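Structural characterization, general
Listed below are the residues making up each chain.
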Amino acid sequence: MNRNQRRQATKQQSKVSASEFLRQGGIAFNQGNLTKALNIFAKGVADNPADHDLKIALSRALAHVEFKSFNPAFKALILKCLKERGLNYQDLSKAWYSILLCDPAFKPVQALIEDKPYSVAALKNCIKDAYFLEGVSKLMIYDMRFEKALVTIAAEASTRAFEKAYASYCEYTESVFLDNPKPSAKIVIDSKINSLGLSDDVVSEKVRGHYEANPYPRWRYIHAQKPLRKALEDTQTYLVAGCGTGFGLCSTALKYPNRDITAFDISRTSLAYAKTKSEELGLKNISFYHADILNLKDLNQKFDIIECSGVLHHMDEVSLGWEALLEKLAPEGKMNIGLYSKTARYDINRARHLIAKSGLKPVHSDIKKAREMIFDLPEDNPARLVLSRHDFYSTSGCRDLLFHEQEIQITIPEIEKILRALNLCFDGFNTLPANIIQKYNTSYPDDPEGVNLKNWHDFELKNPDIFKGMYQFWCSRKQA
Ligand SMILES: C[S@@+](CC[C@H](N)C(=O)[O-])C[C@H]1O[C@@H](n2cnc3c(N)ncnc32)[C@H](O)[C@@H]1O
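Conventions and cut-offs
Residues numbered from 1 in each chain as written. Predicted model: local features only at pLDDT ≥ 70, side-chain atom pairs only at ≥ 80, totals over all residues. Heavy atoms only, no water. Helix = DSSP H or I, 4+ residues; strand = E, 2+ residues; numbered from the N terminus. Rg over C-alpha atoms; globule rule 2.2 N^0.38 Å. Buried < 20%, exposed > 50% of the residue type's maximum accessible area, 1.4 Å probe, protein only. Contact = heavy atoms within 4.5 Å. Areas by Shrake-Rupley, 256 points an atom, 1.4 Å probe, with all protein chains shown as cover. Near = heavy atom within 4 Å. Nonpolar A, V, L, I, M, F, W, Y, C, P; charged D, E, K, R; others polar. Domains from an automatic or database assignment. Buried area = accessible area lost by both parts, 1.4 Å probe. Polar contact = N/O pair within 3.5 Å; in protein donor to acceptor, adjacent residues only side chain to side chain. 1 Å grid on protein atoms, 1.4 Å probe; cavity = no way out; pocket = protein on both sides within 12 Å on 5 of 7 lines; lining within 4 Å. Points joined across faces, edges and corners; volume = space filled by probe spheres on them. Pairing = 2+ DSSP bridges. Expected span 1.5 Å × (residues − 1). Axes fitted to C-alpha atoms, helices over the stretch in contact; angles between N-to-C directions. Parallel < 35°, antiparallel > 145°, perpendicular 65-115°, else oblique. Left-handed = near helix turned anticlockwise from the far one by under 90°.

**What to know about the overall build of the protein**
Broken down by element type, the protein carries 22 helices and eight strands. Taking 480 residues into account, the globule formula puts the C-alpha radius of gyration at 23 Å, and the protein, at 24 Å, falls close to it. Burial analysis of the protein (480 residues in total) assigns 52% to the buried set. Once local pairs closer than 6 in sequence are excluded, the contacts in the protein between residues at least 24 apart make up 75%. With an accessible surface of roughly 23100 Å², the protein has 53% of that area assigned to carbon and sulfur atoms.

**Focus: the site of the ligand**
Near the ligand, the surroundings consist of 20 residues, among which G242, D265, D292, I293 and S309 are the closest. Protein contact buries 93% of the 590 Å² of open area that the ligand shows by itself. Sorting elements by how many residues they give to the shell around the ligand places helix α12 (residues 202-213) first, with three residues. Its residues assigned to classes, the shell around the ligand comprises 11 nonpolar, seven polar and two charged.

**Some thoughts on the domain arrangement of the protein**
What the domain assignment reports for the protein is domain 1 (194-342 + 409-477) and domain 2 (346-402). The C-alpha-based centres of domain 1 and domain 2 are spaced at 27 Å. Each side of the interface is counted separately: domain 1 has 11 residues, and domain 2 has 10 residues. The contact between domain 1 and domain 2 buries some 900 Å² in all, and 33% of this surface belongs to carbon and sulfur atoms. For domain 1, the biggest contributors to the area lost against domain 2 are N214, Y216 and K468; these three give 54% of the whole.

**Focus on the environment of E307**
Considering the arrangement of structural elements, one finds E307 in strand β5 (residues 303-309). Residues E307 and V240, spaced 67 residues apart in sequence, show a C-alpha to C-alpha distance of 4.9 Å. Not counting residues within four places of it along the chain, the set of residues in contact with E307 comprises Y238, L239, V240, A241, G248, T252 and N336. For E307, the side chain forms a polar contact with the side chain of Y238, separated by 2.6 Å.

**A word on the layout of surface pockets**
What the second largest pocket holds in volume is close to 410 Å³. Lining the second largest pocket are 16 residues, and of these E171, A185, I187, R218 and Y273 sit closest to its centre. Listing elements by their share of the lining of the second largest pocket, those giving two or more residues are α11 (160-173) and α15 (268-280). The leading source of residues in the lining of the second largest pocket is α15, at five residues. Of the residues contributing to the lining of the second largest pocket, the split by class is seven nonpolar, two polar and seven charged.

**Details of helix α19 (residues 395-402)**
A large share of α19 lies buried, amounting to eight of its eight residues. Regarding α19, the residues found buried are T395, S396, G397, C398, R399, D400, L401 and L402. Against the buried residues of α19 lie α11, α12, α17 (346-357) and α18 (364-375).

**Re the pairing of strand β7 (residues 424-429)**
Of all six residues in β7, five are buried, a share of seventy percent or more. Pairing of β7 with strand β8 (residues 471-477) involves five bridges; the strand directions are antiparallel. In the sheet register, G428 faces β8, and the bridge partner there is W474.

**Points about the side chain of R371**
As for its placement among the helices and strands, R371 is situated in helix α18. Among the polar contacts made by the side chain of R371, one reaches the side chain of E147 at a distance of 2.8 Å. In this structure, R371 is in contact with M144, E147, V176, F177, F392, Y393 and C398, ignoring residues within four places of it in sequence.

**Describing helix α5 (residues 72-83)**
Since the α-helix turns once every 3.6 residues, residues separated by three or four places project in the same direction. Compared with the 16 Å implied by 1.5 Å per residue over 12 residues, the 17 Å span of α5 between its first and last C-alpha is a close match. Burial in α5 covers these residues: F74, K75, L77, I78, L79, C81 and L82. Contacts made by the buried residues of α5 are with α3 (34-47), α4 (52-62), α6 (93-100) and α9 (130-138).

**Structural notes on the sheet that holds strand β1 (residues 194-197)**
Pairing between the strands of a sheet comes from backbone hydrogen bonds, and it takes one of two forms, parallel or antiparallel. Strand order in the open sheet made by the eight strands is β1-β4-β3-β2-β5-β6-β8-β7, with mixed pairing throughout. Because the sheet does not close on itself, it has two edges, and the strands there are β1 and β7. In this sheet, adjacent strand axes meet at a mean angle of 25 degrees when their direction is disregarded. Pairing geometry for strand β2 (residues 237-241) and β5, over three bridges, is parallel. For L239, the partnering residue across the bridge sits in β5 and is I306. Contacts from helix α14 (residues 247-255) reach β2, β3 (260-265), β4 (286-291) and β5 within the one sheet, and its direction differs from that of β3 by about 175 degrees.

**Examining the packing of helix α20 (residues 412-421) against helix α22 (residues 454-462)**
Interaxial distance between α20 and α22 falls to 9 Å at its minimum, and their mutual angle equals 160 degrees. Classified by the interaxial angle, the pair formed by α20 and α22 is roughly antiparallel. The crossing of α20 and α22 is right-handed. On α22, the residues that touch I412, P413 and E416 of α20 are K454, W456, H457 and E460. Taken together, the residues of the contact of α20 with α22 break down into three nonpolar, one polar and three charged.

Right, here's the structure in full:
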């Protein structure tokens, strides 16, 4: 070996592997140390530019970041991620936008967003930037001022490349901010999906109508991650009850390709969306059914895991749907349940109240009016907090968020009551940072049955936004 080869070999040995970056960054992320995690993943991507999983990890960390000053290194990394296939680009939305707002290269766009004077020629020049065009064509931005800026650019400074990116933006958001939206691509119902029969429940029928007309969420992207070795060995049977348009379903199917997954929903349009997406992703381990939770007598199987997220709170009674699903759970099986928190949806209730008072209906023109009415409220009006909700930025999302005909909001003591009535143990929340989970899950001095959720209730009262997404938790039968 000559000196050059030796130097090369030492360099190779000292190079940290992609999996080590993933491991170390993952630990920092789970400990709540976002800055450290970001730096580890960023270095990992720079050192291993071909590694896809590191870009997923970086995007997931960036989902929690808003830059306050211009950071050229992260600008380059975000653009790299936007150009990589198989990422959920939406995770990059906030970081992308925060950089746009402080990058000197985008001063004319910033002026437009902030309603300050700008020059059309300078605007035309800066919107040629690949960072801008990639972002507009792939992301949904959570700021109505940005939508208004796009409308102005389209009218005053458009270019061929911008037109294409803007058309994609309009399609993604279903033109929620435009008076005359282009109709969304038609979702064709798949008659090959077998029906297990519906029920005669009046609320089920009303909710079916809502989701036939308004399948939600209309997701575009997902992280196509390589399954871990341990996940490949997982052959548990899995039921997704109320799979909707299939985002959670497809994530699970990608992560656990050897799980045998059954998915059903009451809305055929949502099922068609989910099936099309699963086919695009090449997934082979899902069987789809058209069914109602309240009529599963023809589903002749018990499942190791049942997931039911964002569904039971759209039924007449949460506990009735939950109990029906329990009949399909294997004796030692686990359930993952997602329910809306009454505490965390305070802003939504205030906004809904205003919408109802104004007589607005769940149609595109009124959804647009409702958004503008909320945007124009004084800064300190609590209803205005819905502007921070991601669903506010697409037509179907906004309809689900602010115009739902049937939504039950629940509290932690009410969840505890149902768990006790159904003889279930609470096995922990699963969407909170690991450091919080560890702290609160282990402190149950008076909890011989594993159902006392008082600590969590107190925690939520002190942190009313903590379950802004949903209560998402595991439970299982009490074992004798
Ligand atoms: C908000 S979406 C959630 C979809 C999916 N679980 C997710 O997390 O993206 C609620 C879904 O529940 C379905 N749903 C509501 N009531 C149902 C019932 N009784 N039986 C089956 N599905 C139901 C709706 O059709 C809708 O697709």
